[in-house]
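So the chains spell out like this:
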Protein chains: 2
Amino acid sequence: MIIDILIEKIKQTNNPIVVGLDPRLSYIPDFIKKEAFEKSANTPSGAMEAFWQFNKAIIDATYDLIPAVKPQIAMYEQFGAEGIACYIKTIAYAKEMGLTVIGDIKRSDIASTAEAYSDGHIGKVKIEENGFEIYREDFITLNPYLGWDSIEPYIENCKQYERGLFILVKTSNPNSGQLQDLDVGGMTLYEKVGELTEKWGECLIGKYGYSSIGAVVGATHSKQAQDLRKRMPHTFFLVPGYGAQGGTAEDLSVCFDKDGLGAIINSSRGIIAAYQNKKYSTEFSEKEFAQASRQAVIDMRDDLNRVR
Amino acid sequence: MIIDILIEKIKQTNNPIVVGLDPRLSYIPDFIKKEAFEKSANTPSGAMEAFWQFNKAIIDATYDLIPAVKPQIAMYEQFGAEGIACYIKTIAYAKEMGLTVIGDIKRSDIASTAEAYSDGHIGKVKIEENGFEIYREDFITLNPYLGWDSIEPYIENCKQYERGLFILVKTSNPNSGQLQDLDVGGMTLYEKVGELTEKWGECLIGKYGYSSIGAVVGATHSKQAQDLRKRMPHTFFLVPGYGAQGGTAEDLSVCFDKDGLGAIINSSRGIIAAYQNKKYSTEFSEKEFAQASRQAVIDMRDDLNRVR
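Numbering of residues starts from 1 in every chain and runs along the sequence as written. Following the order in which they are written, the chains are lettered starting with A and the ligands numbered starting with 1. Local features in this predicted model are restricted to residues of pLDDT 70 or higher, and side-chain atom pairs are both shown and tallied only at a pLDDT of 80 or more, whereas totals for entire chains, interfaces and linings draw on every residue. By convention in this description, side-chain values take in all heavy atoms of the structure and omit both hydrogens and water.

1. Considering the overall build of chain A
Okay, step 1: Looking only at helices and strands, one finds 14 helices and 10 strands in chain A.
Okay, step 2: Relative to the compact-globule value of 19 Å for 308 residues, chain A shows a C-alpha radius of gyration of 19 Å, a close match.
Okay, step 3: Overall size of chain A, expressed as C-alpha extent along the three principal axes, is 55 × 55 × 35 Å.
Okay, step 4: For each residue, the accessible area found with a 1.4 Å probe, counting protein chains only, is set against the maximum for its type, and the residue is called buried under 20%, exposed over 50%, and partly exposed in between. Across the 308 residues that make up chain A, the buried fraction comes to 64%.
Okay, step 5: Across chain A, the fraction of contacts at a sequence separation of at least 24, relative to all contacts at a separation of at least 6, is 72%.
Okay, step 6: Accessible surface, chain A: about 10,600 Å² in total, of which carbon and sulfur atoms supply 47%. Strands are runs of DSSP state E lasting at least 2 residues, helices are runs of H or I lasting at least 4, and numbering of each runs from the N terminus. Atoms counted for the radius of gyration: C-alpha only. Globule rule: 2.2 Å times residue count to the power 0.38. By definition, residues are in contact when any of their heavy atoms lie within 4.5 Å. Note on areas: Shrake-Rupley with a 1.4 Å probe; residue coverage comes only from the protein chains shown.

This is the structure we're talking about:
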């Protein structure tokens with residue numbers, strides 16, 4: 001069960017962090033961009049060479065400290081086919097280095113369309129008699145607005161290929177309450193989605209009591225997260241919003257259970273662009289960007305371990 | 001304003017149809033697959049050659065009769081980078097043939113992530129001093145669960161590059177009511193999303209009174225669609241669910257305004273795989289699949305024009 005594997009890696013590393021591999025050209029050191037653009041000029045192909053060198057260096061500098069990475073597909077998809085190739089290459093490399101990969105794709109579709117996403121991302125795509133694993137994420141994120149019809153097509157692949165899902169329940173953006181906080185009769189919409197997610201997850205519960213169907217719960221909404229932790233005892237949380245978006249360790253302590261498990265906390269810019277942060281830029285030069293990321297992982301781990 | 005262009009094409013063709021370019025290998029005639037797989041074997045690259053030949057033939061056989069096509073990105077994305085390349089090539093060809101392109105991507109993300117989708121799909125991706133148009137859809141579909149934060153990053157590109165959006169309001173799947181029909185205080189969630197969409201669209205209203213921010217409203221929920229048509233007088237509807245999913249012309253007559261405008265109706269399998277349908281398979285051989293699609297377009301047009 002993939003959730004068991006993730007939990008075991010969190011225990012081994014004593015670190016409930018997932019590093020968001022969401023590169024932007026503005027995060028990437030000039031020396032990497034220069035070399036990439038010399039090869040392929042200022043094109044999507046050059047930009048993706050820069051992303052790849054950047055991602056690889058960060059994985060190499062942090063893989064022994066962390067359980068997982070979470071590439072955000074939008075950052076790659078925007079560059080077209082070359083971007084998708086880089087996303088897939090990054091996933092393959094992270095898995096080769098022993099990391100669990102959470103593909104942040106937030107897809108939302110139904111029926112044969114959802115099956116296509118499911119087969120491509122966490123199953124096998126059939127071409128005549130051949131089956132191809134294309135993306136190979138361990139987990140993917142999904143949007144629940146279309147109901148069970150938009151989740152069910154992923155369940156069989158989760159079972160067959162040991163994969164998992166994180167369903168958007170309460171997101172970290174300031175405006176997430178516009179729909180998610182609406183009262184739907186004695187509870188909010190996000191609580192309703194939480195209740196459904198907990199129920200949907202019953203078919204995939206592993207040996208630590210958590211399901212391979214988890215929930216995205218933003219760190220910027222501490223009270224809500226605390227409440228959801230109680231309502232969703234078998235649902236593992238993927239928590240965005242630490243650091244750059246304003247969530248502190250104290251805010252998200254409520255996401256963990258009594259054993260300090262139950263949640264994995266994402267940081268993207270705070271780790272991958274650490275060398276641009278005043279906190280690290282005196283100690284680490286641009287050339288040492290990956291070492292700055294390593295230090296940022298250690299600091300975030302220690303910050304979280306204070307509260308869990 | 002892109003909505004004006006779409007409306008003018010609907011008037012010119014007297015046809016409120018969008019053809020869903022959602023190929024599957026099982027829809028594609030054997031002679032096309034055979035040739036494609038001889039070139040590239042049974043690989044994603046061979047499958048995408050088959051998709052491309054199939055799409056091109058259908059566009060060639062129908063472009064003079066229709067205003068728009070709607071490729072569903074999932075069908076391509078599942079095949080990885082080659083799939084995305086085929087999606088982009090299909091869009092480029094459809095635009096070359098004068099068609100409006102609605103990219104059915106149903107993305108849902110916020111902040112810089114949403115900006116990445118926005119720039120890639122309907123704006124320009126910046127690489128150093130260069131700007132690249134990557135996907136070039138005229139419209140894209142979006143999921144509203146994350147609120148305005150997940151819509152706002154697209155508005156500037158809509159204005160600057162004359163593009164548009166269709167927001168998921170009420171989807172066509174049987175289970176869409178699980179969240180969308182919940183009572184959120186005197187109205188359902190989908191009505192609330194409809195109200196927000198109508199408001200969000202105010203900044204992009206064109207000369208026919210409709211906004212370039214439209215709504216996805218399923219044809220399988222006729223009563224709800226009728227109600228939404230009244231509540232959303234400036235919002236153009238993209239309507240899935242005709243034919244294969246069970247929606248009839250009578251069901252969706254309520255989506256049109258008094259001038260027979262206000263909605264564009266999607267059909268995918270019913271048109272692109274028409275030659276496999278008993279209705280057409282006696283008249284058209286497999287070799288004539290594209291002509292069968294042309295006939296299916298004419299029949300669907302006439303069916304809809306009875307009721308609008």
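2. Comments concerning the packing of helix α3 (residues 44–62) of chain B against helix α5 (residues 81–96) of chain B
All names here are of chain B.
Okay, step 1: Inter-axis angles, ranging from 0 to 180 degrees, are taken between N-to-C directions of lines fitted to C-alpha atoms, where helices are fitted over the stretch in contact. Two elements in contact, α3 and α5, have axes separated by 9 Å at closest approach and are oriented at 15 degrees. In terms of orientation, α3 and α5 fall into the roughly parallel class. The handedness of the crossing between α3 and α5 comes out as right-handed. Between α3, through Pro-44, Ser-45, Met-48, Phe-51, Trp-52, Asn-55, Lys-56, Ile-59 and Asp-60, and α5, the contact on the second element is made entirely by Glu-82, Gly-83, Cys-86, Lys-89, Thr-90, Tyr-93 and Ala-94.
Okay, step 2: Split into classes, the residues belonging to the contact of α3 with α5 amount to 8 nonpolar, 4 polar and 4 charged. Any angle from 65 to 115 degrees is called roughly perpendicular, while one under 35 is roughly parallel, one over 145 is roughly antiparallel, and all others are oblique. Should the near helix be turned anticlockwise from the far one by less than a right angle, the crossing is left-handed, and should it be turned clockwise, the crossing is right-handed. Note on residue classes: Ala, Val, Leu, Ile, Met, Phe, Trp, Tyr, Cys and Pro are nonpolar, Asp, Glu, Lys and Arg are charged, and everything else, Gly too, is polar.

3. Overview of the pairing of strand β9 (residues 235–239) of chain A
All names here are of chain A.
Okay, step 1: Within β9, 5 of the 5 residues are buried, which leaves the element mostly enclosed by the surrounding structure.
Okay, step 2: Here β9 shows a buried face lined by Thr-235, Phe-237 and Val-239 and a second buried face lined by Phe-236 and Leu-238.
Okay, step 3: Bridging between strand β8 (residues 211–217) and β9 involves 3 bridges; their strand directions are parallel. Looking across to β9, one finds that Val-216 is bridged to Leu-238.
Okay, step 4: With the strands aimed away from the viewer, a crossover counts as right-handed if its path from the first strand over the helix to the second runs clockwise. As for the winding sense of the linkage, the β-α-β connection from β8 through helix α10 (residues 222–231) to β9 is right-handed.
Okay, step 5: Should DSSP find at least two bridges between two strands, the strands are taken to pair. As judged from the 3 bridges shared by β9 and strand β10 (residues 263–267), these two strands associate in the parallel manner. Counterpart to Val-239 in the pairing with β10 is Ile-265.

4. A short note on the nonpolar core
For soluble globular proteins, nonpolar side chains are generally found buried alongside one another.
Okay, step 1: Among the nonpolar cores identified, the biggest contains 230 residues, and Leu165(A) and Leu165(B) are the most heavily contacted of them.
Okay, step 2: Not counting chain neighbours up to four residues away, the residues in contact with Leu165(B) comprise Ile122(B), Phe139(B), Ile140(B), Leu142(B), Ile151(B), Tyr154(B), Ile155(B), Cys158(B), Ser212(B), Ile213(B) and Gly214(B). In plain words, nonpolar cores are sets of buried Ala, Val, Leu, Ile, Met, Phe, Trp, Tyr and Cys residues tied together by side-chain atoms within 4.5 Å.

5. Looking at the pattern of salt bridges
Okay, step 1: Counted as salt bridges are all cases of a side-chain nitrogen of Lys or Arg within 4 Å of a carboxyl oxygen of Asp or Glu. On inspection of all chains with the given rule, the structure shows 46 salt bridges over all chains.
Okay, step 2: Ionic pairing is found between Arg107(A) and Glu77(B), a salt bridge with its closest N-O pair at 3.1 Å. You can see Arg107(A) sitting in strand β3 (residues 100–107) and its partner Glu77(B) sitting in helix α4 (residues 73–77), one on each of two chains. The burial state of Arg107(A) is the same as that of Glu77(B); both residues are buried.
Okay, step 3: Linked through salt bridges whose partners overlap, the residues forming this network are Lys70(A), Asp104(A), Lys106(A) and Asp109(B).

6. A look at the packing of aromatic side chains
Okay, step 1: Side-chain rings of Phe, Tyr and Trp (the six-membered ring for Trp) are treated as a pair once their centres are within 6.5 Å; stacked means planes under 30 degrees apart, edge-to-face means over 60, and tilted covers the remaining angles. Inspection of every chain in the model, using the stated rule, returns 22 aromatic pairs over all chains.
Okay, step 2: Where Trp52(B) meets Tyr93(B), the ring centres are 5.6 Å apart and the plane angle is 85 degrees; that geometry is what we call edge-to-face. With Trp52(B) in helix α3 and Tyr93(B) in helix α5, this pair connects stretches of sequence that are 41 residues apart.
Okay, step 3: A relative accessible area of 12% places Tyr93(B) in the buried class.
Okay, step 4: Among the aromatic residues, those joined into a ring-pair cluster are Phe51(A), Tyr76(A), Phe79(A), Tyr87(A) and Tyr135(A).
Okay, step 5: The criterion is that NZ of a Lys, or CZ of an Arg, lies within 6 Å of the ring centre and within 35 degrees of the ring normal, and then a charge sits over that ring. The positively charged end of Arg229(B) is found above the aromatic ring belonging to Phe237(B), 4.0 Å away from the centroid.
Okay, step 6: Cation over ring: Lys287(B) sits above Phe31(B), and NZ or CZ is 4.1 Å from the ring centre.

7. Examining helix α14 (residues 289–307) of chain B
Okay, step 1: Along its 19 residues, α14(B) runs 28 Å from first to last C-alpha, staying within 8% of the 27 Å computed at 1.5 Å per residue.
Okay, step 2: Along α14(B), the residues classified as buried are Phe289(B), Ala290(B), Ala292(B), Ser293(B), Ala296(B), Val297(B), Met300(B), Arg301(B), Asp303(B) and Leu304(B). What a helix is expected to span follows from its residue count: subtract one and scale by 1.5 Å.

8. So, the sheet that holds strand β3 (residues 100–107) of chain B
Residue and element names in this part refer to chain B.
Okay, step 1: The strand order β1-β2-β3-β6-β7-β8-β9-β10 describes a closed barrel built from 8 strands, whose pairing is parallel. Geometrically, the sheet is characterised by an average inter-axis angle of 30 degrees between neighbouring strands, direction not taken into account.
Okay, step 2: Examined bridge by bridge, strand β2 (residues 68–71) and β3 share 2 bridges and lie parallel to one another. Across the sheet, residue Ala-68 finds its bridge partner in β3, namely Thr-100.

9. Points about the interface of chain A and chain B
Okay, step 1: Listed by partner, the interface residues are 70 residues for chain A and 70 residues for chain B.
Okay, step 2: Put simply, buried area is how much 1.4 Å-probe accessible surface two parts lose in total, over both of them, once they are put together. Summed over both sides, the interface between chain A and chain B buries roughly 5,500 Å², with carbon and sulfur atoms accounting for 60% of that surface.
Okay, step 3: Counting across the chain A and chain B interface gives 4 salt bridges.
Okay, step 4: Under the rule applied, a polar contact is a pair of N or O atoms within 3.5 Å (in protein, one hydrogen donor and one hydrogen acceptor; residues adjacent in sequence only if both atoms are side-chain atoms). Where chain A touches chain B, the interface holds 37 residue pairs in polar contact (both at pLDDT 80 or more).
Okay, step 5: Sorting elements by how many residues they give to the side of chain A that touches chain B places helix α6 (residues 111–122) of chain A first, with 7 residues.
Okay, step 6: Taken together, the residues of the side of chain A that touches chain B break down into 36 nonpolar, 21 polar and 13 charged.

10. Structural notes on the side chain of Gln78(B)
Okay, step 1: Locating Gln78(B) in the fold gives a position in the loop between α4 and α5.
Okay, step 2: Residue classification places Gln78(B) among the buried residues on the basis of a relative accessible area of 10%.
Okay, step 3: A distance of 3.2 Å separates a polar side-chain atom of Gln78(B) from the backbone oxygen of Met75(B).
Okay, step 4: Once you skip the residues sitting within four places of it in the chain, Gln78(B) turns out to touch Ala116(A), Asp119(A), Gly120(A), Val125(A), Ile134(A) and Tyr135(A).

11. Quick word on the packing of α6(A) against helix α7 (residues 152–161) of chain A
All names here are of chain A.
Okay, step 1: Running from N to C, α6 and α7 point in directions that differ by 25 degrees, and their axes come no closer than 8 Å. On the basis of their axis angle, the class for α6 and α7 is roughly parallel. Note on packing geometry: the crossing formed by α6 with α7 is right-handed. From α6, Ala-111, Ala-114, Glu-115, Tyr-117, Ser-118, Asp-119 and Ile-122 reach across to α7, where they touch Pro-153, Tyr-154, Asn-157, Cys-158 and Tyr-161.
Okay, step 2: When the residues that make up the contact of α6 with α7 are grouped by side-chain class, the tally is 8 nonpolar, 2 polar and 2 charged.

12. Notes on the environment of Tyr93(A)
Okay, step 1: As for Tyr93(A) and Ala61(A), which are separated by 32 residues in sequence, their C-alpha atoms are 13 Å apart.
Okay, step 2: Here Tyr93(A) is in contact with Trp52(A), Lys56(A), Ile59(A) and Asp60(A), once residues within four sequence places are set aside.

13. Structural notes on unusual backbone geometry
All names here are of chain A.
Okay, step 1: Of note in the backbone geometry, Ala-41 takes a positive phi value of approximately 60 degrees without being a glycine.
Okay, step 2: Note that Ala-41 resides in the loop between α2 (30–40) and α3 (44–62).
Okay, step 3: Residue classification places Ala-41 among the partly exposed residues on the basis of a relative accessible area of 40%.

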